[in-house]
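Here are the chains, one letter per residue:
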2 protein chains.
Amino acid sequence: LSDSTKVQVEHPNLVNTFNDVVKMREAVKKSGRFQAAFLAKQAHIDSVLTQPINVPVPKDAGGGYTHEVHKNNYRLMFDAGTLFQITQDPKYANFVKSVLLEYAKLYPTLGAHPEVKSSNPGQLFWQGLNEAVWLVHTIQAYDAVVSHLSKADRKTIEKGVLEPVALFLSEQSPQTFNKVHNHGTWATCAVGMTGYVLDKPEWVEKALYGLDKSGTGGFMRQLDELFSPNGYYNEGPYYQRYALMPFVTFAKAIENNQPERKIFEYRDNVLLKAINTTAQLSYNGLFFPINDAIKSKGIDTIELVNGIAIAYGITSETGLLDIAKQQNRVLLTGDGLKVANALDKGLQTDYQFKTQAFGDGATGDNGAFVVLRSDSSKNASVATVKATSQGLGHGHFDKLGLSYYDQGTEILTDYGAARFLNVVAKFGGRYLPENDSYAQQSIAHNTLIADETSHFNGVTKVGNQHHPKVDLFANTDQVKLVSASIDTAYQGIQLARTTALVSIPDENIDWVIDVFNAQSSTPHQYDLAFHYDGHFIESNFKYQAHTEQLKPLGTANGYQHLWLTASAQTEQSQAISQLTWLNDNGRFYTLSTVNDNNLNVLFARAGANDPNFNLREDKAFVLRVKDQAQHQFVSLLEAHGEYNPAKEYTLKSKTSIQNLSFERKDGVSLIIVELNDGRQYLIAYQQQNKQAQTFDFDGKTYKLKEAVNLFTLTKK
Amino acid sequence: LSDSTKVQVEHPNLVNTFNDVVKMREAVKKSGRFQAAFLAKQAHIDSVLTQPINVPVPKDAGGGYTHEVHKNNYRLMFDAGTLFQITQDPKYANFVKSVLLEYAKLYPTLGAHPEVKSSNPGQLFWQGLNEAVWLVHTIQAYDAVVSHLSKADRKTIEKGVLEPVALFLSEQSPQTFNKVHNHGTWATCAVGMTGYVLDKPEWVEKALYGLDKSGTGGFMRQLDELFSPNGYYNEGPYYQRYALMPFVTFAKAIENNQPERKIFEYRDNVLLKAINTTAQLSYNGLFFPINDAIKSKGIDTIELVNGIAIAYGITSETGLLDIAKQQNRVLLTGDGLKVANALDKGLQTDYQFKTQAFGDGATGDNGAFVVLRSDSSKNASVATVKATSQGLGHGHFDKLGLSYYDQGTEILTDYGAARFLNVVAKFGGRYLPENDSYAQQSIAHNTLIADETSHFNGVTKVGNQHHPKVDLFANTDQVKLVSASIDTAYQGIQLARTTALVSIPDENIDWVIDVFNAQSSTPHQYDLAFHYDGHFIESNFKYQAHTEQLKPLGTANGYQHLWLTASAQTEQSQAISQLTWLNDNGRFYTLSTVNDNNLNVLFARAGANDPNFNLREDKAFVLRVKDQAQHQFVSLLEAHGEYNPAKEYTLKSKTSIQNLSFERKDGVSLIIVELNDGRQYLIAYQQQNKQAQTFDFDGKTYKLKEAVNLFTLTKK
Ligand SMILES: [Zn+2]
Ligand SMILES: [Zn+2]
């Protein structure tokens, strides 16, 4: 018994320690979230363990039969390992053992997977990435059951499969292992954790500092480069939550094995910041869907469940429990137990969502993803401006792209990725051809497009070399504002966007003010697109709806995928053009835009040149000026009223915006807003954060005390 | 004091009695649902009572300023009356008094409303209907506060406004008052309740039996004719819940004043059946949107809140509490208190939704609205077949129309009404022109259309004269089935539809089987439309998507409003054509249809010839055969699999239907279904419910024990 105890003190010691296990064994005896999660997991696994063990010869690519079976095997082993730790019932350990003995037989017979395509090949799987994920789970399962195994079985398993997979992922895949890239993180996590379990400190060193241990590759270098100082991941939140998993898993194992490395404090707590930033980059539970993002992915993703649990384990911040409560998934880990106990006690406090510019790049100065929030609640109004770098191959060509969310719903929309994950009939479940031809293109976004071509001509390599500059970021009580600019998206054209979120609940004001300037020395066509979700209600100008026939909006760069449903030459006698729509959230939205340079308004809907009906039929307005060297689109989006057919009332379906204009005075930019009821407002901002600048407007002198100020005008 | 007590015993005595009031006064002292509702109402009304009283001269039509003010006034008086009863705070009674004194001044000065348009004119409002609703509320408010008023004020109010409005609605509007129609119900309810309060038994008699008291008009006649024996209302559930309000309100007042009339027992409890049927005609909280229905209207509508409370007050059926709990609205009435107390105690039990044919018409034999449910839960799979009569002016031309619901979502959709209720920019918030030109037309529905013309040529008057016949209705454990037919929708064409819902949870079977037969002596084009909500995934045949240009599907009868997005001549070498889509509920749906008579499949989307963007862009498949005297569409809709991109898995995105065929054998109709995994099923039904019919199939003899039986075939 003392020998068994000794072994158990050493194992497990990755994400869970023996001390965690002791607490979990107690916890499952008491009713509460943790016990419920344990019983559910046990019931599920018990029903599965009756099925025969299946370790097939690798054959299929992602989504195919053998691929799914091997994925399923590591999940089952992982869960069975956990259950063995908690219950000490040998049937779970024996299951892991039996599966691993099969793998120990199979693995030595394998060469490159028959479906290998990527630069990161695997043996069990078509991609080395999957192989690394397999080992991350499997080594934890092994760690959980090793105390129960005979010496002979241990040797068979370690020599037959665990060591060979670790060696395959490291020594035999140096290009991936040393790469400062998410695939490298999975590989170093897998190999490093295997090093801890099999007592190979050398493997841990290589995992941390690269195969040559120089630090030019490896986990620490990845930590240095893949997150910005405030924890933003270059590819955006959808990939950030995925990237997070191996980081927090390996870090937790490092912390448990070598606390002296203070891994969670490294780089000013960058890992904790990355976890927190992942939660910040969400709205009403879903991640901001920039770049190649599946739009239904949100904070309840298992990766962030792990992240939040680990972060809570370290910080005990009760705001994290709010996220954990929404996640509604209890982990059977030591940290999962802490979270479950805290939620059982109702310790959660509201998570504070913040107005923040998330600097991009290793040093945080490659532009930023800017989130403007009306308040800290999860259903506040939010505008985001994508002034980030390209985000590699999954990046979209939407420099200075705007999104807007209100009352829990996406209002100005981002298409996200064109993909039906794992739906075989839809291009094998992979990214669809329309992801390239539409979803990544500039016109699929709420940004400015010159001459019907995408930013950087749609070339990722060029995009990767440039990024916008954040010129101004201001977070005041009533106005949150960002100005950003880029002069490399198009040769010879400078783009600058200023977006302000203005929220004054007492005065029923919910505005997004948007000033998009394009400046060149030669004439261009400038399109500013606003993609929206809702039903068109009305405009204050005449338009020609294309009622008898529809044609595409253009021929290339995504334009070929939009049907032109109506077009209008706005009335130049009117100061502003207005478009109103109704979102399913029951609120009306009116986009008012200053009329000048013969503004045209085009109504469009996705779905053209889409022979397999791969695209959603999302709608957009495209504001267009032609043959202009310079044009500034000045717009205000107002959220107003309520449509409640269930209770049979409709409030304020008409916009309250009467007029809108822009002026520059004494180096200060002024947006003047007039309302139907006579109220007038002035939003003034200056590009440099000078002190107490003064300016004259309409015969009065005003003083700008912050970067941006809102003034209520009194009529003369 | 004794005098005041005496008055209070007499008043109130409409929906609430003095006994109810005593209980409510106690209830608001204790925490619970009722107290919470009371405090919320009081806070709201207190904030409103500070505003000046406003009783403007009538000027505007529905939705206009004076219209809304007068509506608001009766609501405020009603609520203030209730609050006076509960709190005994004279400020509430004084408010009602002050408003009524203004009305007593105004009303005698009025003639016909300046915007009068309908055959049911008003004075305060453009429609007499609104005037009746005003009095229904106002007389209850008066009843609540009359004990607080001086004799002089009572006289001023009664002579100045209450009696004149009642006389206007009765003696001066005989055409409406005597009409067996919902407008008549409101009028008789208003006048009858006024009779009780002002102690004019003669008015009550006229309300109950018509102006001449003969019984040819009046409330009792309406009760006889407007509901079918099982409580179905001719215009469908959307109007049923509206019609319900004056019925249950007046009936409750009759019960309190003259219990000897046993009004709720009248006609075999038809009013309780009507309340219950209104709840039955819903799915996941929303009413089946047949005819002119606003689709977001559901069981939480105030009319059904009243109905359920009154029904619970009478029956104490705990299933009604389940509906009440979902309604989440507590009424400040005696019955509302009973419901609130019961919910506070958690007495609710699951409401039992039923598979039922709701017979239409006063005698219940003018066809039926048939609801097939896989089980009694609110999220069960449900198929409905509309074999009802026309439903008057709000009726749609969708004889034998099919709808299908699954996992909480509408799958085969009904457009509902084309209307944005009260949204001024959308045709004044009234029914849109596209309601006639599209939403009411046959092609906007899941039914059969001959020669691109609507049923009854789209003429309501003709439609009102005919109805389908229900030939067979069967409710067995695994199969729920209806057969119905009509030979008057088109001259010389007999239409017959058999729809079966097959649900076998243990075998993962969720099917709608649909056999639609059209029979004529001359050739026709037959279209069978399936409108669906979701994203198209794949077909098992080639189609030509119209990628570069879209044109309307046709030129008239609703066809002009559909864009033709793709077309296909199915492969005659294949036995069945299959179309798969993915609904937002995460489930896949595959429609399999037997290929014969050169079946064409057209893909369509609403929105053509819609110059003001009034239509939603709903999608449909249209199955078409040309130049056929007879054709039978044999289809099976399978619900299968799960798309869960948030958790990154996709299950069974492919249909399991391998083959489908139809045969007639020995007077029995047979549908043979083959699955990919080798399972085979036979669904057999006979039009007459004979006993134990036998038939031979594939060399075996089967015995049909019920009207429909499902047989699992064993392979030879
Ligand atoms: Zn995008
Ligand atoms: Zn309809």
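What counts, and at which threshold
- Residues numbered from 1 in each chain as written.
- Chains lettered and ligands numbered in written order.
- Predicted model: local features only at pLDDT ≥ 70, side-chain atom pairs only at ≥ 80, totals over all residues.
- Heavy atoms only, no water.
- Donors = N, O, S within 2.8 Å, 3.2 Å for Na, K, Ca; no water.
- Helix = DSSP H or I, 4+ residues; strand = E, 2+ residues; numbered from the N terminus.
- Buried < 20%, exposed > 50% of the residue type's maximum accessible area, 1.4 Å probe, protein only.
- Pairing = 2+ DSSP bridges.
- Axes fitted to C-alpha atoms, helices over the stretch in contact; angles between N-to-C directions.
- Contact = heavy atoms within 4.5 Å.
- Polar contact = N/O pair within 3.5 Å; in protein donor to acceptor, adjacent residues only side chain to side chain.
- Phe/Tyr/Trp six-rings, centres within 6.5 Å; stacked < 30°, edge-to-face > 60°.

**Student:** Please clarify how the coordination of the zinc ion (ligand 1) should be interpreted in this entry.
**Tutor:** All names here are of chain A. Here the zinc ion (ligand 1) is held by His396 (ND1), Asp414 (OD) and His445 (NE2), and the distances to it run 2.1 to 2.7 Å. If you list the donors of the zinc ion (ligand 1) from N- to C-terminus, the spacing comes out as H-x17-D-x30-H. Of this pair, histidine 396 sits in the loop between strand S5 (382-387) and strand S6 (401-406) while histidine 445 sits in the loop between helix H17 (433-439) and strand S8 (448-450), and the two are 49 residues apart along the sequence. For the pair histidine 396 and histidine 445, a shared accessibility class is recorded, and that class is buried.

**Student:** What is the right way to read the sheet that holds strand S25 (residues 680-685) of chain B from this model?
**Tutor:** Backbone hydrogen bonds are what pair the strands of a sheet, in a parallel or an antiparallel way. Residue and element names in this part refer to chain B. The sheet built from four strands is open, its strands ordered S23-S24-S25-S28 with antiparallel pairing. Across the chains shown, the open sheet's two edge strands, defined by having one partner strand only, are strand S23 (657-665) and strand S28 (708-712). Between one strand and the next, the sheet's axes are offset by a mean angle of 15 degrees, whatever the strand orientation.

**Student:** Explain the environment of serine 442 of chain A here, please?
**Tutor:** All names here are of chain A. You can see serine 442 is positioned in the loop between H17 and S8. Considering only alpha carbons, one finds serine 442 and glycine 492, 50 residues apart in sequence, at a separation of 17 Å. Here serine 442 is in contact with Phe397, Thr447, Ile449, Ser454 and His455, once residues within four sequence places are set aside. Within the structure, the side chain of serine 442 is placed 2.6 Å from the backbone oxygen of phenylalanine 397, a separation counted as a polar contact.

**Student:** Can you walk me through the coordination of the zinc ion (ligand 2) in this structure?
**Tutor:** By definition of the ideal shapes, four donors in a tetrahedron about a metal sit 109.5 degrees apart, and six donors in an octahedron sit 90 or 180 degrees apart. Residue and element names in this part refer to chain B. For the zinc ion (ligand 2), the protein coordination sphere consists of His396 (ND1), Asp414 (OD) and His445 (NE2), at 2.1 to 2.7 Å. When the donor residues of the zinc ion (ligand 2) are listed from N- to C-terminus, their spacing reads H-x17-D-x30-H. Taken together, the positions of histidine 396 in the loop between strand S5 (382-387) and strand S6 (401-406) and aspartate 414 in the loop between strand S7 (409-412) and helix H17 (433-439) put the pair 18 residues apart, joining distant regions of the chain. By relative accessible area, histidine 396 is classed as buried at 0%. Residue classification places aspartate 414 among the buried positions, given a relative accessible area of 4%.

**Student:** I tried to follow the sheet that holds strand S28 (residues 708-713) of chain A on my own but got confused; where do I start?
**Tutor:** Residue and element names in this part refer to chain A. One open sheet holds the four strands; their spatial order is S23-S24-S25-S28, and the pairing between them is antiparallel. The outermost strands of the open sheet, each flanked by one partner alone, are strand S23 (657-665) and S28. Looking at each pair of strands side by side, their axes are set apart by 20 degrees on average, direction ignored. Taken together, the six bridges between strand S24 (residues 668-675) and strand S25 (residues 680-685) define a ladder with antiparallel strand orientation. Residue pairing across strands places serine 669 opposite tyrosine 685, the latter belonging to S25.

**Student:** How do you make sense of the packing of aromatic side chains when you look at a structure like this?
**Tutor:** The geometry of two aromatic rings is summed up by the distance between their centres and the angle between their planes. Taken as a whole and assessed by the stated rule, the structure comprises 66 aromatic pairs over all chains. With 5.1 Å between their ring centres and 85 degrees between their planes, tyrosine 238 of chain B and tyrosine 239 of chain B make a pair best called edge-to-face. Here the two residues tyrosine 238 of chain B and tyrosine 239 of chain B agree in accessibility, since each one is buried. Here tyrosine 543 of chain B and phenylalanine 603 of chain B contribute two aromatic rings whose centre-to-centre distance is 5.0 Å and whose plane-to-plane angle is 35 degrees, an arrangement assigned as tilted. Placement of tyrosine 543 of chain B in the loop between strand S13 (535-539) and strand S14 (544-545) and of phenylalanine 603 of chain B in strand S19 (residues 600-606) is noted, with a sequence separation of 60 residues between them. We classify tyrosine 543 of chain B as buried; its relative accessible area is 17%. Since its relative accessible area comes to 2%, phenylalanine 603 of chain B is described here as buried. Put simply, the rings of Tyr404, Tyr532, Phe536, Tyr543, Trp581, Tyr589, Phe603 and Phe621 of chain A together with Phe613 of chain B touch in pairs and so form one group of aromatic residues.

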